[in-house]
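# A look at the structure
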Amino acid sequence: SDAAPVAWMTCAFGRGEAGVLAATLAFGGHARVGFENAILAPDGTPAVSNAGQVARVVALARGIGRPAPTRERPASPPAARPGPGPGHIWKGVSGR
């Protein structure tokens with residue numbers, strides 16, 4: 001049976017944050033990022049600002065063909081992404 005579409009997100013902390021958020025974006029989820037989650041950049045250098053952390057995740061999203069959300073166009077996972085279990089299909093969820 002088809003499962004109802006679900007919007008989902010992750011919030012990761014520390015050194016593994018970049019990998020978790022990259023996987024989240026690849027599987028159609030939303031990513032929450034900020035200075036309070038990780039004070040280091042993926043290369044181990046100190047993170048400079050929230051804006052820098054967000055810019056890194058936006059670059060990850062664009063690198064896999066996901067547009068960055070804007071106020072006018074909120075985040076929405078791409079259609080037909082695999083879901084969390086057998087038989088689940090993401091069908092493009094607006095998150096609203």
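Our structure is the block above this text.
Okay, so let's go over this structure. (Residues numbered from 1 in each chain as written. Predicted model: local features only at pLDDT ≥ 70, side-chain atom pairs only at ≥ 80, totals over all residues. Heavy atoms only, no water.)

### Some thoughts on helix 2 (residues 50–63)
Over its 14 residues, helix 2 runs 20 Å from end to end, which matches the ideal 20 Å to within 8%, given 1.5 Å per residue. Within the span of helix 2, buried status applies to Gln 53, Arg 56, Val 57 and Ala 61. Along the axis of helix 2, the buried positions cluster into a sector of 140°, meaning they face one direction only. Counted as exposed and oriented over 90 degrees from the buried face of helix 2: Ala 51, Arg 62 and Gly 63. For helix 2, the elements touching its buried residues are helix 1 (17–26) and strand 2 (30–32). For helix 2, the N-terminal capping position is held by Ser 49, with its side-chain oxygen 3.4 Å away from the main-chain nitrogen of Ala 51. Just downstream of helix 2 lies Gly 65, where phi reads positive at about 85°. (Helix = DSSP H or I, 4+ residues; strand = E, 2+ residues; numbered from the N terminus. Expected span 1.5 Å × (residues − 1). Buried < 20%, exposed > 50% of the residue type's maximum accessible area, 1.4 Å probe, protein only. Arc of directions from axis to C-beta. Contact = heavy atoms within 4.5 Å. Polar contact = N/O pair within 3.5 Å; in protein donor to acceptor, adjacent residues only side chain to side chain.)

### Considerations on the side chain of Arg 66
Locating Arg 66 in the fold gives a position in the loop between helix 2 and strand 3 (79–82). Among buried charged residues, Arg 66 stands out as having no salt bridge; its nearest opposite-charge side chain is Glu 17, 15 Å away. At a separation of 2.9 Å, a polar atom in the side chain of Arg 66 contacts the main-chain carbonyl oxygen of Leu 25. (Lys, Arg positive; Asp, Glu negative; His and termini not counted. Salt bridge = Lys/Arg side-chain N within 4 Å of Asp/Glu carboxyl O.)

### Things to note about the environment of Ala 7
Structurally, Ala 7 is set in the segment before strand 1 (9–11). Ala 7 sits 23 residues away from His 30 along the chain, and the two C-alpha atoms are 7.8 Å apart.

### Comments concerning the nonpolar core
Core analysis: the largest hydrophobic core is formed by five residues, namely Leu 21, Leu 25, Val 33, Val 57 and Ala 61. The set of elements that each furnish at least two residues to this core consists of helix 1 and helix 2. Not counting residues within four places of it along the chain, the set of residues in contact with Leu 25 comprises Ala 31, Val 57, Leu 60, Ala 61, Ile 64 and Arg 66. (Core = buried A, V, L, I, M, F, W, Y, C linked by side-chain atoms within 4.5 Å.)

### Points about the pattern of salt bridges
All chains considered together, the criterion is met by two salt bridges. Arg 32 is paired through a salt bridge with Glu 36; the nearest N and O atoms lie 2.6 Å apart.

### Structural notes on the environment of His 30
Counting through the fold element by element, His 30 comes out in strand 2. Overall, His 30 belongs to the buried group, its relative accessible area being 17%. For the pair His 30 and Cys 11, spaced 19 residues apart in the sequence, the C-alpha separation amounts to 9.0 Å.

### Description of the packing of helix 1 against helix 2
One can describe the packing of helix 1 onto helix 2 by two numbers: an axis separation of 10 Å at closest approach and a directional angle of 40°. Considered as vectors, helix 1 and helix 2 are oriented oblique to each other. Between helix 1 and helix 2 the crossing geometry is right-handed. Residues Glu 17, Ala 18, Leu 21, Ala 22 and Leu 25 of helix 1 pack against Gln 53, Arg 56, Val 57, Leu 60 and Ala 61 of helix 2. Looking at side-chain class alone, the contact of helix 1 with helix 2 contains seven nonpolar, one polar and two charged residues. (Axes fitted to C-alpha atoms, helices over the stretch in contact; angles between N-to-C directions. Parallel < 35°, antiparallel > 145°, perpendicular 65-115°, else oblique. Left-handed = near helix turned anticlockwise from the far one by under 90°. Nonpolar A, V, L, I, M, F, W, Y, C, P; charged D, E, K, R; others polar.)

None of the figures reported here should be taken as evidence of function without further support.
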